[in-house]
Amino acid sequence: MSAAIPLNVGIARSAAVTNADPGGEKRVLLAEPRGYCAGVDRAVETVEKALDKHGAPIYVRKEIVHNRHVVQTLRERGVIFVDETDEVPENAVVVFSAHGVSPAVHESAAARGLHTIDATCPLVTKVHQEAKRFARDDYDILLIGHDGHEEVEGTAGEAPEHVQLVDGPDAVATVSVRDESKVIWLSQTTLSVDETMETVQRLRERFPDLQDPPSDDICYATQNRQVAVKAMAPECDLVIVVGSRNSSNSVRLVEVALGAGATAAHLVDYAREVDPAWLDGVRTIGITSGASVPEVLVRGVLDMLAEYGFGDVQPVTTANETLVFALPRELRDARR
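Residues numbered from 1 in each chain as written. Predicted model: local features only at pLDDT ≥ 70, side-chain atom pairs only at ≥ 80, totals over all residues. Heavy atoms only, no water.

Side note on unusual backbone geometry
- With an omega of 10 degrees, the peptide bond running from glutamate 32 to proline 33 counts as cis.
- In this fold, proline 33 is placed in the loop between strand S2 (27–32) and helix H1 (38–54).
- A cis amide bond links alanine 56 with the next residue in sequence, proline 57, at an omega value of 0 degrees.
- Positionally, proline 57 belongs in the loop between H1 and strand S3 (58–61).
- In this structure, lysine 62 takes a positive phi of about 65 degrees despite not being glycine.
- Here lysine 62 shows up in the loop between S3 and helix H2 (68–76).
- The phi dihedral of aspartate 138 falls on the positive side, at around 65 degrees, and the residue is not glycine. (Helix = DSSP H or I, 4+ residues; strand = E, 2+ residues; numbered from the N terminus.)

In structure tokens:
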């Protein structure tokens, strides 16, 4: 999956180059890992292979991943994005996004005779299985996540009578359970690790017997990208996160950067959204990208910054990711 290495990442302050030194060299700290995770890579390739196999149009419920560039690129290839399955013509091909869907969505698709291809990230599927398992055992399930997020809707839909949404630490006060000895927390996979654990701590203060999930729900890629940002943020006058505003894990990276000591942090989809005014007086810029962001968008930002004198790019590596997920069964023979 990923192999953590010591956080000796070569960005220690020195007398020659510090953020406060107006004569210091301009530099970019480039977070590694960044960009596509295994689940996003699988989801995007699933749509591409479905197009190759079935031809356009292919329908996708919701955005396959939360990235404007990816969605627009697929739309240009003949993908039609819809909000619900009742917008898909009967007997057509529909792909479910990486964020997962509830059993009710599967039932709706089956009722319309749709040919479904499920691109749900396997790590999201794991959380779904946990929800079903603890619902069978009659637990109250406290699902930490953001109200309205597609992943939360899918997970809660597995056991709606047992799941309560806890949208951040401030929501803990309103939680009620039937039996304090049978309570477990689960979480959306793309949250901030720190905020999630703050929420868990508050829940445990109210419910001392609160049980932890069998394994971490926050995905390895989300955690790894946050760790890399924390490693470089104290050195940065500015952190630029490449990602879309509806991408939970990208938004969290901005928050993590600011919390870890970056002077400023901004989220952009494209290099053209970088305001040159942000660069005034800046010597060290950190760059990272959310888990649904193709590398070409990061390269665009690096090229833009080079034009302003930020040509010295230093990697900040905190983990090496090697995990690959198999395509859905019906597309595996077509994998490149």
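Re the sheet that holds strand S5 (residues 93–96)
- The parallel open sheet is built from four strands, whose spatial order is S4-S3-S5-S6. Whereas interior strands pair on both sides, the edge strands pair on one side only; in this sheet they are strand S4 (79–82) and strand S6 (115–118). Across the sheet, the mean angle from the axis of one strand to that of its neighbour is 30 degrees, orientation sign disregarded.
- Here S5 runs beside S6; their pairing, made up of four bridges, is parallel. Looking at S6, one finds that valine 95 is bridged to isoleucine 117. (Pairing = 2+ DSSP bridges. Axes fitted to C-alpha atoms, helices over the stretch in contact; angles between N-to-C directions.)

Concerning the pattern of salt bridges
- With the rule as written, the count across this model stands at 20 salt bridges.
- Here glutamate 130 makes a salt bridge to lysine 126, at a shortest N to O gap of 3.0 Å. With glutamate 130 and lysine 126 both in helix H4 (residues 122–136) and four residues apart, the pair spans about one turn of that helix.
- Taking the relative accessible area as the measure of exposure, glutamate 130 reaches 6% and is therefore buried.
- Ionic pairing is found between arginine 178 and aspartate 138, a salt bridge with its closest N-O pair at 3.2 Å. With arginine 178 in the loop between strand S8 (163–166) and strand S9 (183–187) and aspartate 138 in the loop between H4 and strand S7 (140–144), this residue pair connects regions lying 40 residues apart in the sequence.
- One salt-bridge network, held together by shared partners, links Glu32, Arg34, Glu295 and Arg299. (Salt bridge = Lys/Arg side-chain N within 4 Å of Asp/Glu carboxyl O. Buried < 20%, exposed > 50% of the residue type's maximum accessible area, 1.4 Å probe, protein only.)

Describing the sheet that holds S2
- The five strands are arranged S11-S10-S12-S2-S13 in an open sheet whose pairing can be described as parallel. On the outer flanks of this sheet lie strand S11 (265–268) and strand S13 (313–317), each paired with one strand and no other. Averaged over all pairs of adjacent strands, the angle between strand axes in this sheet comes to 25 degrees, irrespective of strand direction.
- Two strands pair when backbone bridges link them, and S2 and S13 are joined in this way by five bridges, in the parallel orientation. Each bridged residue has a counterpart across the sheet, and for alanine 31 the counterpart in S13 is valine 316.
- Relative to S11, helix H8 (residues 248–259) is tilted by about 165 degrees, and along the sheet it contacts strand S10 (238–242), S11 and strand S12 (284–289).
- This element, helix H9 (residues 295–306), spans S2, S10, S11, S12 and S13 of the sheet and lies at about 165 degrees to S12. (Contact = heavy atoms within 4.5 Å.)

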